[in-house]
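One-letter residues, chain by chain:
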Amino acid sequence: MSEEGDRRPRFRRYVGSENSLYSVETSSASSESDIDDNPESDGSGEFDKSLPATHRYLGKLDNVGGYTILDEGQVIPGMLAIHTNTLVFPGFTLPLVLRDFETDQLLEDIKKGYMFVLISTGKVKTKLYEYGVIMEVYETSARRGVINLKAKGRQRCEILPDTMTRNPWARMQKLTVKILGEPNIKSPISNSQLQTLRARRTNFGSDYKSLMRNYKYRRYHLSQYPYASWVYDHNELSYLVELITDNLAKFYVKEHLPQDPTSLSYWFVQNYQLTHEERLDILKCPSVLERLRLELRYLNMKRSLICGRCSIEIANQSDVFAMSREGVQSNYCNPGGQVYETITVSEAQNYTTVGEPSKQFTWFPGYAWTIIQCKCCTGHLGWLFTSNNHHPERFFGLAHSCLDIKKIKLMNDSDSNAVEGDESKQMQVS
Ligand SMILES: [Zn+2]
């Protein structure tokens, strides 16, 4: 796995410390972020879920502001590219810790433009994936040779082929990228309705409710077309949003899910348990319509989290819950610069804890972390978080890069039926 290559040898002499959120050698760099004594609770003991997304363990950073949207089709030669073992989609946050020895000139690039492209390996691990995400740095600080920063995903981009032969494992390099746009998706029948009728009863709607309000007339209208009406429904964004949020309601509070199609399509990637390959396919989708339709297909499969090394079951999808405002899966960075995409689950199995609980550099203010590893193969799995003051008292942060996703296919694998949420359907292992 990629973290093998990224782990710094100097961490190795500490037992399990490459898996720590904190290590002895970096104490000076992170002492500013001493957050252990902060009152993170409002007195009720309920954990403030907006805290993890602020990444306070990185200390106080300077706001460098800005919200830059680049032109579609714009080609940027020599853009700084950073490889981590995670993917971040537009709208989501990536925390990073960079060190002098790996930055040098490249640091100047970040300071100049405050933008870089996040890249990852493709389905074939020896190759760089041809799509990436433009990230904008919005907070940064440089202290004693350590640069802490937070960046937000802005736009998808394509990495132009002349640079694709570069080393996929290099943490930093310069690449030529082309900015991809977000095409405006219209209803497939938006141009076919008479203007006079459109004002009275629109056959398509920006949201599901208004689509359904005139559904009878929509069916009348669609009878002039060659295909069944559901074919057209499945090309309505509002309809897809409804299907997806309905399905996700098994795991999340439906009212909390984004209703905007584009936001939902990216929210899904950050919050549903997908394999690396599935995420790459979503990143490749040219529009929100394709993304949502693909995601609907992925919802057909039940998933569980298994050890990445020995495949023993670690957690169920039903145990996944949100500890952060950004959702159940968020990226966090340890002082060594290793980015971990962490899935929070209320219960886990087949693990053992390693070492004593520690609160240093904790990602969830007020919680102490303990490293957990696989009971079978002793592979690193993530951390157990515990607190005496907060609710919940304990939960697990599982590292996405240490796990595999086991998919269990529902019997009826068609877009329309299986996703309509029939829990009683027979299951089979794919
Ligand atoms: Zn294992």
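Residues numbered from 1 in each chain as written. Predicted model: local features only at pLDDT ≥ 70, side-chain atom pairs only at ≥ 80, totals over all residues.

- The chain goes by Cereblon in an unreviewed UniProt entry, where it is assigned to Holotrichia oblita.

A closer look at the sheet that holds strand 10 (residues 329-333)
Backbone hydrogen bonds hold the strands of a sheet together, and the pairing may be parallel or antiparallel.
Next up, step 1: Strand order across the open sheet formed by 6 strands is 10-11-15-14-13-12, with antiparallel pairing between neighbours. Whereas interior strands pair on both sides, the edge strands pair on one side only; in this sheet they are strand 10 and strand 12 (351-358). Sheet twist, expressed as the mean angle between neighbouring strand axes with direction ignored, is 30°.
Next up, step 2: When strand 14 (residues 380-386) meets strand 15 (residues 394-399), the two strands line up antiparallel, connected through 5 bridges. Directly across from Leu 384, in strand 15, lies its bridge partner Phe 396. (Pairing = 2+ DSSP bridges. Helix = DSSP H or I, 4+ residues; strand = E, 2+ residues; numbered from the N terminus. Axes fitted to C-alpha atoms, helices over the stretch in contact; angles between N-to-C directions.)

Examining the pairing of strand 2 (residues 75-83)
Next up, step 1: Bridging between strand 2 and strand 7 (residues 172-179) involves 6 bridges; their strand directions are antiparallel. The residue bridging Ala 81 from the neighbouring strand is Gln 173, located in strand 7.
Next up, step 2: Note that strand 2 and strand 4 (residues 115-119) share 3 bridges and pair parallel. Residue pairing across strands places Ala 81 opposite Val 117, the latter belonging to strand 4.

Focus on the packing of helix 10 (residues 261-271) against helix 12 (residues 288-298)
Next up, step 1: Contact geometry for helix 10 and helix 12: axes closest at 9 Å, N-to-C directions at 45°. Taken together, the axes of helix 10 and helix 12 lie oblique to each other. Regarding helix 10 and helix 12, the two cross each other, and that crossing is left-handed. Contacts between helix 10 and helix 12 involve Pro 261, Thr 262, Ser 265 and Phe 268 on the former and, on the latter, Val 288, Arg 291, Leu 292 and Glu 295.
Next up, step 2: Per-class residue counts for the contact of helix 10 with helix 12 are 4 nonpolar, 2 polar and 2 charged. (Parallel < 35°, antiparallel > 145°, perpendicular 65-115°, else oblique. Left-handed = near helix turned anticlockwise from the far one by under 90°. Contact = placed C-beta atoms within 7 Å. Nonpolar A, V, L, I, M, F, W, Y, C, P; charged D, E, K, R; others polar.)

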